[in-house]
2 protein chains.
Amino acid sequence: MRTVKEQALACRAAAQQVAELDGAARNALLLAMAAQLEQDEAQILAANAQDMAAAAARGTAAALLDRLRLDAARVAAMVAGVRHVAGLPDPVGQVTREDVRADGLRIQRVRVPLGVIAMIYEARPNVTADAAALCLKAGNGVILRGGSEAQQSNRAIAASLGRALQACCIGAAAVSALEDLRRESIIELLQLSDIVDLAIPRGGEGLIRFAAEHARVPLIKHYKGVCHLFVDASADTALALRLLIDGKTTRPAVCNALETLLVHADIAAQFLPLAAAALQARGVEVRACERSRDFFAGSRPATEADYAAEFLDLVLAVRVVDDLDAAIAHIRSYGSDHTEVIATGEPVQAQRFIQALRSAVIMVNASSRFSDGGELGLGAEIGISTTRLHAYGPMGAESLTIERYVVSGTGQVRHPQ
Amino acid sequence: MRTVKEQALACRAAAQQVAELDGAARNALLLAMAAQLEQDEAQILAANAQDMAAAAARGTAAALLDRLRLDAARVAAMVAGVRHVAGLPDPVGQVTREDVRADGLRIQRVRVPLGVIAMIYEARPNVTADAAALCLKAGNGVILRGGSEAQQSNRAIAASLGRALQACCIGAAAVSALEDLRRESIIELLQLSDIVDLAIPRGGEGLIRFAAEHARVPLIKHYKGVCHLFVDASADTALALRLLIDGKTTRPAVCNALETLLVHADIAAQFLPLAAAALQARGVEVRACERSRDFFAGSRPATEADYAAEFLDLVLAVRVVDDLDAAIAHIRSYGSDHTEVIATGEPVQAQRFIQALRSAVIMVNASSRFSDGGELGLGAEIGISTTRLHAYGPMGAESLTIERYVVSGTGQVRHPQ
């Protein structure tokens, strides 16, 4: 078994080869990766069956088993995902600014790959292929450290991708699944500050706090999404109700689902009965504030903990607030900087909501569920950053690059002699 | 004395006020800060005289005393710097991308302030005003932790800026000089990950390593600049000589000065005699490789340590290399990702140099000394990042902001029911 550092150095060397490819060659690499995954389907499914058997023997919960499971359809989706990334626009080499100075010096800002990206994630083995595709699309190498429950699946997927790389004369280490699966190996990886350019932990809050605690390399965190819908006094109630139902009930376990409904006092008596009926019909449990409890028969009173919670389930906190400023104050106290929604008929109120809140995504009269790289036009996403640096909100291939300066002259100097 | 956390919380509250100002109001704030500094000149100089006296009593070296010293001209330069920043374009609120989806959803990416920035720096008190101006220009608050040698000066400058803020109804804490001057206070500041959005350490390598070691908040490092000039076989020797002299001798103590000259073997016999004469005439000490020592009478042989050194002085390492690839390999081994220069007559060689190197700034036939925010069109800079994330190379006001999403609709949902 190679050490973490040996694997990281090998990844850096191979990443340098990827960085020197042009966009067409990188896309060809991705297509070769997709074809190889298709070809290796039987091996990948066999490896996954081993993970599933071991997980079942440990008495793993059904929901987790479902996340771990691969089948022909899921492998096909993985393959389609890699092909989709191949077809996206190439961020590398983009000239984002260009100036020519009076003395003829031409200054360009140009996008280049970050280098080596470490992905640390939990049970879902499809992340292995998704993350590898996006990292390579942007000219990077990637070191993957998935959950130990999925170790055979991840190893089989990475080995398959490695074969495709080698067939294209690129070091297989450009996609490296960490061989050392001790928890300490994550710490080692997160401290290789001369080799790893960025770490992206994806998973539960525990994993992310663990990574943040130990990292010496730059880290982009994807904390929880405590997303709010504020229904302003001027809102169209039918519109607000659509946003509420879409945000809370269509996929409650994801980070862009709504967790708290805030309602302007002036519209509470009109809106809350509609909300109560629609939520009840869909089996949503409500935790209501003093002023709204009468509208939700049998609801539990909302606590401080409820306002801060990411329920990831059919549970909703509800609070009536005096006005927009009270809604803003609530979100500043309890929010997670992910996504906030306002339903309003007044552009001035929308503007104030946008201006006062620092969340990564603000929705005006649109569902929180659009807070997603695919929906917002990135083509694919490697996560949703709640770190207020480098990338904020959904991150696509462009977020895996950095702009640098290329300056061309004809012998210009700063102090001519 | 307030604790570090108390000061940071106060800064965050005041930063929120700054973030809500529009660009005109932020510029007015900067002009008020400049006027207040002018008005408080006598107090600032008196405080600086205390620092100077204490430093002299400790037997501080002349170079450091010069960096610490303020006089009327330096205060005037500080004031002019703040006014200059007020006149720069406003990065906040810029819409960097805009799309309208087929369903009418309008997606904007918009620049917003980062929040609270912690600056940790060494002796020069003018950094206090410069950093405050750029941070506030970009809508942020700033916590300043300057060197203890400059504590009276920094306190006087921050107090003056605070008076200007208060006169504009903004909390003085938007510019906070850390009151606690123990070294542990830096660690505390760097671990306030729920309050501080970015830390920028500026100074010697020791300070930066110390900060990187202890930080739990995102950090942008400004490590040393080991800048290279590669003279290709096809270079115009007169042009290459201009770049060498400008890069090495006009201000050797700064990070964009040249440290190592690499010369293609095919042009060595032609270029090195010219270089030797010009360097000798300017008192530059040369550390030469085996193949170049004969051209530099009395030079010391270059060691591994010389190739990795940031001399910050009139000292230059010289090495003859077989070709462009050998130059690239040298820079990859010994470079610091800051700025590299190629002198060449062949665009293909320039392209290969650009493609193969990952440094923040690449100069083709232009002096390394242009690697500076002012020269590259940023108007002013808060430092030069060698961290390959968020900002890479010279950082201006724009690098103190982040893009987020603002999405406007008319009730669109992801799963219409």
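This is a predicted model, so every value here is computed, not measured. (Residues numbered from 1 in each chain as written. Chains lettered and ligands numbered in written order. Predicted model: local features only at pLDDT ≥ 70, side-chain atom pairs only at ≥ 80, totals over all residues. Heavy atoms only, no water.)

In terms of helices and strands, chain A carries 14 helices and 16 strands. For 417 residues, the compact-globule formula gives about 22 Å, and the C-alpha radius of gyration of chain A, at 24 Å, lands near that figure. Each principal axis of the C-alpha atoms in chain A carries an extent, and together these give about 75 × 70 × 35 Å. The buried share of chain A, reckoned over its 417 residues, is 58%. Surface summary for chain A: the accessible area is close to 15,300 Å², and the carbon and sulfur share equals 51%. Across chain A, the mean location of the 42 positive side-chain charges is 3 Å away from that of the 47 negative side-chain charges. (Helix = DSSP H or I, 4+ residues; strand = E, 2+ residues; numbered from the N terminus. Rg over C-alpha atoms; globule rule 2.2 N^0.38 Å. Buried < 20%, exposed > 50% of the residue type's maximum accessible area, 1.4 Å probe, protein only. Areas by Shrake-Rupley, 256 points an atom, 1.4 Å probe, with all protein chains shown as cover. Lys, Arg positive; Asp, Glu negative; His and termini not counted. Charge placed at Lys NZ, Arg CZ, Asp CG, Glu CD.)

Where interface size is quoted, it is often the accessible area lost as the parts come together. Listed per partner, the contact involves 75 residues of chain B and 75 residues of chain A. Roughly 6,400 Å² of surface becomes buried between chain B and chain A when both sides are summed, with 47% attributable to carbon and sulfur atoms. Between chain B and chain A we count 14 salt bridges in total. A salt bridge links B:Arg358 to A:Asp197, with the shortest nitrogen-to-oxygen separation between them at 2.9 Å. Linking chain B to chain A there are 55 residue pairs in polar contact (both at pLDDT 80 or more). The element that contributes the greatest number of residues to the side of chain B that touches chain A is strand β16 (residues 401-412) of chain B, accounting for 11 residues. Taken together, the residues of the side of chain B that touches chain A sort by class into 35 nonpolar, 18 polar and 22 charged. Where strand β13 (residues 361-366) of chain A lies against β16(B), five bridges are found, and the strand directions are parallel. Among the inter-strand pairings, A:Val361 is bridged to a residue of β16(B), identified as B:Tyr405. (Contact = heavy atoms within 4.5 Å. Buried area = accessible area lost by both parts, 1.4 Å probe. Salt bridge = Lys/Arg side-chain N within 4 Å of Asp/Glu carboxyl O. Polar contact = N/O pair within 3.5 Å; in protein donor to acceptor, adjacent residues only side chain to side chain. Nonpolar A, V, L, I, M, F, W, Y, C, P; charged D, E, K, R; others polar. Pairing = 2+ DSSP bridges.)

On to the nonpolar core. Ranked by internal contacts, the top residues of the largest apolar core, which has 105 residues, are A:Leu400, B:Leu244, B:Leu261 and B:Phe271. In this view, A:Leu400 contacts A:Pro113, A:Leu114, A:Ile117, A:Leu134, A:Cys135, A:Ala138, A:Asn140, A:Leu198, A:Ile200, A:Ile382 and A:Met395; residues no more than four positions away in its chain are not counted. Counting 104 residues, the second-largest nonpolar core is a separate cluster that includes A:Leu241, A:Leu261, A:Ala360 and B:Val413. (Core = buried A, V, L, I, M, F, W, Y, C linked by side-chain atoms within 4.5 Å.)

Okay, the UniProt feature "domain: Aldehyde dehydrogenase" (unreviewed entry) in chain A next. Mapped onto this numbering, the UniProt entry annotates "domain: Aldehyde dehydrogenase" (unreviewed entry) at residues 6-281 of chain A. Regarding residues 6-281 of chain A, the helix share stands at 53% and the strand share at 16%, and the terminal C-alpha atoms are separated by 56 Å. (UniProt positions renumbered as here; feature names shortened; annotations may be inferred.)

Between the two copies of the chain lies a rotation about an axis combined with a shift along it. Between the two copies, chain B and chain A, the superposition gives an RMSD of 0.0 Å; the rotation angle is 180° and the shift along the axis is 0.0 Å. In symmetry terms, the pair is related by a two-fold rotation axis. The position closest to the rotation axis in chain B is occupied by the C-alpha of B:His390, lying 1.9 Å away. The overlap is high: 100% of the interface residues of chain B also sit at the interface in chain A, so the same surface is used on both sides. (Least-squares fit on C-alpha atoms with pLDDT ≥ 70 in both.)

With phi around 65°, A:Asp337 is a residue other than glycine that occupies positive phi space. By secondary structure assignment, the location of A:Asp337 is in the loop between α13 (324-334) and β12 (339-343). Judged by its relative accessible area of 22%, A:Asp337 is partly exposed. With a phi close to 55°, B:Leu312 is a non-glycine residue in the positive phi region. Its location among the elements puts B:Leu312 in the loop between α12 (304-308) and β11 (315-321).

All right, on to the sheet that holds β13(A) then. Taken together, 10 strands build an open sheet; the order of strands is β10(A)-β9(A)-β11(A)-β8(A)-β7(A)-β12(A)-β13(A)-β16(B)-β2(B)-β1(B) and the sheet is mixed. Looking along the sheet, the strands with just one partner apiece sit at the ends: β10 (300-301) of chain A together with β1 (95-100) of chain B. Sheet topology places strand β7 (residues 227-231) of chain A next to strand β8 (residues 258-264) of chain A; five bridges connect them, and they run parallel. What sits directly across from A:Phe230, in β8(A), is A:Leu262. Lying on the sheet, helix α14 (residues 347-356) of chain A is in contact with β7, β12 and β13 of chain A together with β16 of chain B; it crosses β12(A) at an angle near 165°. (Axes fitted to C-alpha atoms, helices over the stretch in contact; angles between N-to-C directions.)

Here we come to the side chain of B:Thr401. Residue and element names in this part refer to chain B. Tracing the backbone shows Thr401 in strand β16. The exposure class assigned to Thr401 is buried, which follows from its relative accessible area of 1%. Within the structure, Thr401 has its side chain in polar contact with the side chain of Arg111 (distance 3.1 Å). Here Glu398 takes part through its backbone oxygen, which lies 2.6 Å from a polar atom of the side chain of Thr401.

A word on empty space enclosed by the protein. According to the stated counting rule, one finds one cavity of 30 Å³ or more in the structure shown. Of the pockets and cavities examined, the largest cavity occupies roughly 290 Å³. Put simply, the parts of the chain that give the lining of the largest cavity at least two residues each are β14 (383-389) of chain A together with β14 (383-389) of chain B. When grouped by side-chain class, the residues that make up the lining of the largest cavity number 14 nonpolar, three polar and four charged. (1 Å grid on protein atoms, 1.4 Å probe; cavity = no way out; pocket = protein on both sides within 12 Å on 5 of 7 lines; lining within 4 Å. Points joined across faces, edges and corners; volume = space filled by probe spheres on them.)

With that settled, the discussion passes to the packing of aromatic side chains. All names here are of chain A. This structure, assessed with the given rule, holds three aromatic pairs over all chains. Considering the side-chain rings of Phe230 and Phe353, the 6.5 Å spacing of their centres and the 15° angle between planes classify their relative orientation as stacked. Residue Phe230 is located in strand β7, and its partner Phe353 is located in helix α14; the two are separated by 123 residues in the primary sequence. One exposure class covers both Phe230 and Phe353, and it is buried. Taking NZ or CZ as reference, Arg183 lies 4.1 Å from the ring centre of Phe210, over its face. (Phe/Tyr/Trp six-rings, centres within 6.5 Å; stacked < 30°, edge-to-face > 60°. Lys NZ or Arg CZ within 6 Å of the ring centre and 35° of its normal.)

A few words now on the sheet that holds strand β6 (residues 198-202) of chain B. Residue and element names in this part refer to chain B. Pairing within the open sheet is parallel, and its four strands lie in the order β5-β4-β3-β6. If you trace the sheet from one side to the other, it starts and ends with β5 (175-177) and β6, each paired once. When strand polarity is set aside, the average angle formed by the axes of neighbouring strands in this sheet is 20°. Of the pairings in the sheet, the one linking strand β3 (residues 116-121) to β6 comprises five bridges and is parallel in character. Pairing of Ile117 across the sheet is with Leu198, part of β6. Contacts from helix α1 (residues 4-20) reach β3, β4 (141-145) and β5 within the one sheet, and its direction differs from that of β4 by about 150°.

Turning our eyes to something else, we now look at the environment of B:Ile200. Residues and elements named next belong to chain B. Inspection of the secondary structure puts Ile200 in strand β6. Its relative accessible area of 0% is what places Ile200 among the buried residues. In sequence terms Ile200 and Leu178 are 22 residues apart; their C-alpha atoms lie 15 Å from each other. Excluding anything up to four places from it in sequence, Ile200 contacts Ile117, Ala118, Met119, Ile120, Ile220, His222, Ile382, Met395 and Leu400.

Residue and element names in this part refer to chain A. Interaxial distance between helix α2 (residues 23-39) and helix α5 (residues 72-86) falls to 8 Å at its minimum, and their mutual angle equals 170°. In terms of orientation, α2 and α5 fall into the roughly antiparallel class. Facing Asn27, Leu30, Leu31, Met33, Ala34, Ala35, Leu37 and Glu38 of α2, the residues of α5 in contact are Val75, Met78, Val79, Val82, Arg83, Val85 and Ala86. (Parallel < 35°, antiparallel > 145°, perpendicular 65-115°, else oblique.)

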